[in-house]
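Residues per chain, in single letters:
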Amino acid sequence: MPKLVHSDFDISTLQFNPPIKNSNSNGMGAKTVGEVLIQFGESDQPCFVVSENIDNKALKVNVTDDMISWFGHLDSHIIDYVFQNTKEWFGKELQLNDISRMSAPLLTLDNEIILKLSSKTRCFVDDGSDIYKRVDLTYVTEEHIIVPVVQFNGIFIASRHFTPSFTVQDILIVGKREVEKDEVPFSLTKTEENEDIVD
């Protein structure tokens, strides 16, 4: 399925299958209907800067203001979707306030999110040449500015909370941040070269 840049992606079209128990017994997962690939940002308008590479298993990233709004819309859509399907999914009707309290947004108060990586995640560097260079995930470090392509897996549902679940498919490194951490948009410097649903 072709990927869509997040700004062109209509969140209201997201649909989810009824949740099923995860094979590892850790909660349930409501998978997206169809494969959903989303590209966050573009090379000339990146949205994420890495604050930490967590053992090549996840990236903690800061986001720009437009992404804060985007994730807010996503959270609202998921809350509404779960509310509309509580009877079918959980066998009982829940109040909207209760569902809102159960929602665990990806975005932290520091405007950071954690992007889950997998053994299949690929990483490339845009060094200004015509062909992106493939690099290992260990290459991704603090202050790298990235454009990730993620697969939206669905909603992870635990006993007391639920949260959207993404897995990074591809990462494009487009530069390194040279401004203070609380400044956006990011200043670009080209880099020189010498399934279960869980939260």
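See the structure shown above.
These numbers come from a predicted model, not from an experiment.

**Regarding the overall build of the chain**
Line of reasoning, step 1. Helix and strand counts for the chain come out as 3 helices and 11 strands.
Line of reasoning, step 2. Reading the helices (α) and strands (β) of the chain from amino to carboxyl end gives β-β-β-β-β-β-α-α-α-β-β-β-β-β.
Line of reasoning, step 3. Taken as a whole, the chain presents about 10,900 Å² of accessible surface, with 47% of it coming from carbon and sulfur.

**Looking at the pairing of strand S3 (residues 28–31)**
For a regular strand, side chains alternate in direction, first toward one face of the sheet and then toward the other.
Line of reasoning, step 1. Bridge count for strand S2 (residues 20–21) against S3 is 2 bridges, and the pairing is antiparallel. Across the sheet, residue Ile 20 finds its bridge partner in S3, namely Gly 29.
Line of reasoning, step 2. Inspection of the sheet shows S3 paired to strand S10 (residues 144–157) by 4 bridges, in the antiparallel sense. Opposite Ala 30, over in S10, you have Ile 155 as the bridge partner.

**Some thoughts on the nonpolar core**
Line of reasoning, step 1. Among the nonpolar cores identified, the biggest contains 45 residues, and Phe 48, Trp 70, Phe 71 and Phe 166 are the most heavily contacted of them.
Line of reasoning, step 2. The set of elements that each furnish at least two residues to this core consists of strand S5 (48–54), strand S6 (58–63), helix H1 (65–84), strand S7 (112–116), strand S8 (122–125), S10 and strand S11 (162–176).
Line of reasoning, step 3. Among the elements that line this core, the one with the most residues is H1, at 8 residues.
Line of reasoning, step 4. Discounting residues that sit within four places of it in the chain, Phe 166 has contacts with Ile 38, Phe 40, Trp 70, Phe 71, Leu 74, Leu 106, Lys 116, Val 150, Gln 151, Phe 152 and Asn 153.

Conventions used here
Residues numbered from 1 in each chain as written. Predicted model: local features only at pLDDT ≥ 70, side-chain atom pairs only at ≥ 80, totals over all residues. Heavy atoms only, no water. Helix = DSSP H or I, 4+ residues; strand = E, 2+ residues; numbered from the N terminus. Areas by Shrake-Rupley, 256 points an atom, 1.4 Å probe, with all protein chains shown as cover. Pairing = 2+ DSSP bridges. Core = buried A, V, L, I, M, F, W, Y, C linked by side-chain atoms within 4.5 Å. Buried < 20%, exposed > 50% of the residue type's maximum accessible area, 1.4 Å probe, protein only. Contact = heavy atoms within 4.5 Å.

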